[in-house]
Amino acid sequence: MIDRYDWAGGREAMLRFGPATGPVMVATLPLMEEANRTRTFVVGLLRALALRGIASVLPDVPGQGESLVPTGTLTVLRMAEALEAVTGRLNGEGRRTYALGIRSGTLLDYCALHEGRWHLSPIDGSDVLRDLHRTWLASGDRPAGSRDLDTMMYGDDDPVEIAGNLLSSDFLSSLSAATPFDQPGIPRRVVRLSSDPRTADRHVEAAPLWRRAEPGDDPALAALLADDIAAWLRLCDG
């Protein structure tokens, strides 16, 4: 079902899946162009959760997806505050919420009062910056002779265009300090791919969709992760 939510900066679209009662997984796609490679997969994952009796939503984050908010006006905090508004809306409906973050989407759920967080391949903001820096260097638009990260972040061009996104120095600096939410007493489960050596509660065999040149899908992985989320949610939510 297509829905919407309001936040301090306006109104955004939101897809809803699954039953009208019970806890809700709030899904957040990776930032910038990676979302284009994972959206189809995540929608399949949320449909798989619905088949398992679990509700979810996929909100458009300001400046991402179909949002009309200019990316040059955003910071990580503003995006996180929008997702906090989603959780407030669902809490107002009497629903408990849990975060479902993918890659850099895990950087945006720290404001919301979720009951717990399930993260797939979470990364720090510094990892995102390195990827943006490589993309910036590969473009033909950078100033001659300027190759360092500080020039990208604080150069004369503000906002700077990277992979078709206008990103301000405020956004880039806020991204540099961003880390996935991980606080004592709040349930958090981390799942990574087997090719990722970083610490996780579980590693699974799959190819990273976010590294493909074109958007793809992996229904088998979606089903496997839906089972993992369902089992984890039963433990968290009784």
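Residues numbered from 1 in each chain as written. Predicted model: local features only at pLDDT ≥ 70, side-chain atom pairs only at ≥ 80, totals over all residues. Heavy atoms only, no water.

Asker: Honestly, the packing of aromatic side chains in this entry has me stumped. Any pointers?
Answerer: Scanning all chains against the criterion turns up one aromatic pair. Taking the ring centre of Phe 181 as reference, the NZ or CZ of Arg 117 above it sits at 3.6 Å. (Phe/Tyr/Trp six-rings, centres within 6.5 Å; stacked < 30°, edge-to-face > 60°. Lys NZ or Arg CZ within 6 Å of the ring centre and 35° of its normal.)

Asker: Would you explain the sheet that holds strand S9 (residues 188–193) in this entry?
Answerer: The strands that make up a sheet pair up through hydrogen bonds in the backbone, lying either parallel or antiparallel. An order of S1-S2-S4-S3-S5-S6-S9-S10 is seen for the eight strands of this open sheet, with the pairing classed as mixed. Edge positions in the open sheet fall to strand S1 (2–7) and strand S10 (202–204), since each of these has one partner strand only. Strand-to-strand, the axes of this sheet are offset by a mean angle of 25°, without reference to chain direction. Where S9 meets S10, three bridges bridge the pair, whose relative direction is parallel. The residue bridging Val 191 from the neighbouring strand is Arg 202, located in S10. With respect to the sheet, helix H2 (residues 76–92) is in contact with S1, strand S2 (10–17), strand S3 (24–28), strand S4 (55–59) and strand S5 (97–102), its orientation differing from that of S1 by roughly 115°. (Pairing = 2+ DSSP bridges. Helix = DSSP H or I, 4+ residues; strand = E, 2+ residues; numbered from the N terminus. Axes fitted to C-alpha atoms, helices over the stretch in contact; angles between N-to-C directions. Contact = heavy atoms within 4.5 Å.)

Asker: Is there a simple way to think about the pattern of salt bridges in this case?
Answerer: A side chain of one charge can pair with a side chain of the opposite charge if their charged atoms are brought near each other. Evaluated as defined, the whole model comprises 18 salt bridges. Among the ionic pairs, Arg 188 bridges to Asp 182, the shortest N-O distance being 3.4 Å. (Salt bridge = Lys/Arg side-chain N within 4 Å of Asp/Glu carboxyl O.)

Asker: Which parts of the structure should I look at to understand the environment of Gly 164?
Answerer: Mapped onto the secondary structure, Gly 164 falls in the loop between strand S7 (160–162) and strand S8 (165–167). Look at Gly 164 and you get exposed, because its relative accessible area is 59%. (Buried < 20%, exposed > 50% of the residue type's maximum accessible area, 1.4 Å probe, protein only.)

Asker: Sorry if this is basic, but what is going on with unusual backbone geometry here?
Answerer: If a residue is not glycine, its phi is most likely negative; likewise, a peptide bond is most likely trans. For Arg 103, which is not glycine, the phi dihedral falls at a positive 50°. Note that Arg 103 resides in the loop between S5 and strand S6 (117–120). In this model, Ser 121 sits at a positive phi of 50°, which is unusual for a non-glycine residue. When you line up the elements, Ser 121 lands in the loop between S6 and helix H3 (125–138).

Asker: Just to check I follow, could you spell out H2 for this structure?
Answerer: Since the α-helix advances by 3.6 residues per turn, residues separated by three or four positions end up pointing in the same direction. Its 17 residues place the ends of H2 24 Å apart at the C-alpha level, agreeing with the 24 Å of an ideal helix rising 1.5 Å per residue. Inspection of H2 places Val 76, Met 79, Ala 80, Ala 82, Leu 83, Val 86, Thr 87 and Leu 90 among the buried residues, and these make up the whole buried set. Burial along H2 is one-sided: seen end-on, the buried residues are contained in an arc of 155°. (Expected span 1.5 Å × (residues − 1). Arc of directions from axis to C-beta.)

Asker: I would appreciate a short explanation of the side chain of Thr 87 in the present structure.
Answerer: Note that Thr 87 resides in helix H2. Excluding anything up to four places from it in sequence, Thr 87 contacts Thr 97, Ala 112, Leu 113 and His 114.

Asker: I would appreciate a short explanation of the packing of H3 against helix H5 (residues 169–176) in the present structure.
Answerer: Relative orientation and spacing of two packed helices are given, respectively, by the angle between their axes and the distance between those axes. Across the interface, H3 lies against H5 with an axial gap of 7 Å and an inter-helix angle of 130°. In this view, H3 runs oblique relative to H5, as classed from their interaxial angle. Seen from H3, the contacting residues are Gly 125, Ser 126, Val 128, Leu 129 and Leu 132; seen from H5, they are Leu 172, Leu 175 and Ser 176. (Parallel < 35°, antiparallel > 145°, perpendicular 65-115°, else oblique.)

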